[in-house]
Amino acid sequence: MTDLSQLLQQAMRRHHLTPQAVADKTGIRTPRIRAFAEDGAEGPIRPTEEELAELADALALPLPAVMHAALPTAAATAP
């Protein structure tokens, strides 16, 4: 399973976009974009469903793929 950070990094590289460019397209602050691209959905800063939808639209990604990539892994949810 591709996690959110890998998905965002690949899409940003494919579209030649920086975190600042994605922030400009989505309205999401640049530090949040960087955090999502570095830590994925399991880092200290977690994306909202609205932010995931905006990222999918801005990066021409299918929303279900982005939502699936943002799901926590079994290792992260285990006690």
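Residues numbered from 1 in each chain as written. Predicted model: local features only at pLDDT ≥ 70, side-chain atom pairs only at ≥ 80, totals over all residues. Heavy atoms only, no water.

A.B. asks: Mind laying out the overall build of the protein chain, listing which residues take part and the relevant values?
C.D. replies: Along the backbone of the protein chain there are six helices and zero strands. The secondary structure elements of the protein chain, listed N-terminal to C-terminal, are α-α-α-α-α-α. Within the protein chain, buried positions represent 38% of all 79 residues. Counting only contacts in the protein chain whose residues sit at least 6 apart along the sequence, the fraction spanning at least 24 positions is 58%. (Helix = DSSP H or I, 4+ residues; strand = E, 2+ residues; numbered from the N terminus. Buried < 20%, exposed > 50% of the residue type's maximum accessible area, 1.4 Å probe, protein only. Contact = heavy atoms within 4.5 Å.)

A.B. asks: Describe helix α4 (residues 49-58), and please don't skip the residues or the numbers.
C.D. replies: Every buried residue of α4 is accounted for by E51, L52, L55, A56 and A58. Elements in contact with the buried residues of α4: α1 (4-14), α2 (19-26), α3 (30-39) and α5 (63-69). Trailing α4 by a residue or two, A60 shows a phi angle of about 55 degrees, which is positive.

A.B. asks: I'd like a rundown of the pattern of salt bridges, residues and numbers included.
C.D. replies: This structure, assessed with the given rule, holds one salt bridge. Of the charged contacts in the structure, one is a salt bridge between R32 and E51, with a shortest N-O distance of 2.8 Å. A residue pair is termed long-range when its members are at least 10 positions apart, and R32 in helix α3 and E51 in helix α4 qualify at 19 residues. Under the relative-accessibility criterion, R32 is labelled partly exposed at 25%. (Salt bridge = Lys/Arg side-chain N within 4 Å of Asp/Glu carboxyl O.)

A.B. asks: Provide a residue-level description of the confidence of the model for the protein chain, including the pertinent values.
C.D. replies: Residue-level pLDDT values for the protein chain average 90, and 89% of them are 70 or greater. Model confidence for the protein chain, summarised as mean pLDDT per element, is weakest for helix α6 (residues 74-77) at 46 and strongest for α2 at 97. Confidence over residues 74-78 falls short of pLDDT 50; this stretch has two contacts with residues more than four positions distant or in other chains. (pLDDT = per-residue confidence, 0-100.)

A.B. asks: Lay out α2 with the relevant residues and their values.
C.D. replies: V22, A23 and T26 are the residues of α2 that are buried. On an axial view of α2, the arc spanned by its buried residues comes to 100 degrees, and they lie on one face. More than 90 degrees from the buried face of α2, the exposed residues found are D24 and K25. G27 lies just past α2 and shows a positive phi near 85 degrees. (Arc of directions from axis to C-beta.)

A.B. asks: So what's going on with the packing of α2 against α3? Residues and values would help.
C.D. replies: Remark: α2 packs on α3, axes separated minimally by 8 Å, with the N-to-C direction vectors making an angle of 120 degrees. Regarding the angle of α2 to α3, the classification is oblique. Considering how the two elements wind past one another, α2 and α3 form a crossing that is right-handed. Side by side, α2 and α3 meet where P19, Q20, V22, A23 and T26 of the first sit next to T30, I33 and R34 of the second. The residue inventory of the contact of α2 with α3, partitioned by class, reads four nonpolar, three polar and one charged. (Axes fitted to C-alpha atoms, helices over the stretch in contact; angles between N-to-C directions. Parallel < 35°, antiparallel > 145°, perpendicular 65-115°, else oblique. Left-handed = near helix turned anticlockwise from the far one by under 90°. Nonpolar A, V, L, I, M, F, W, Y, C, P; charged D, E, K, R; others polar.)

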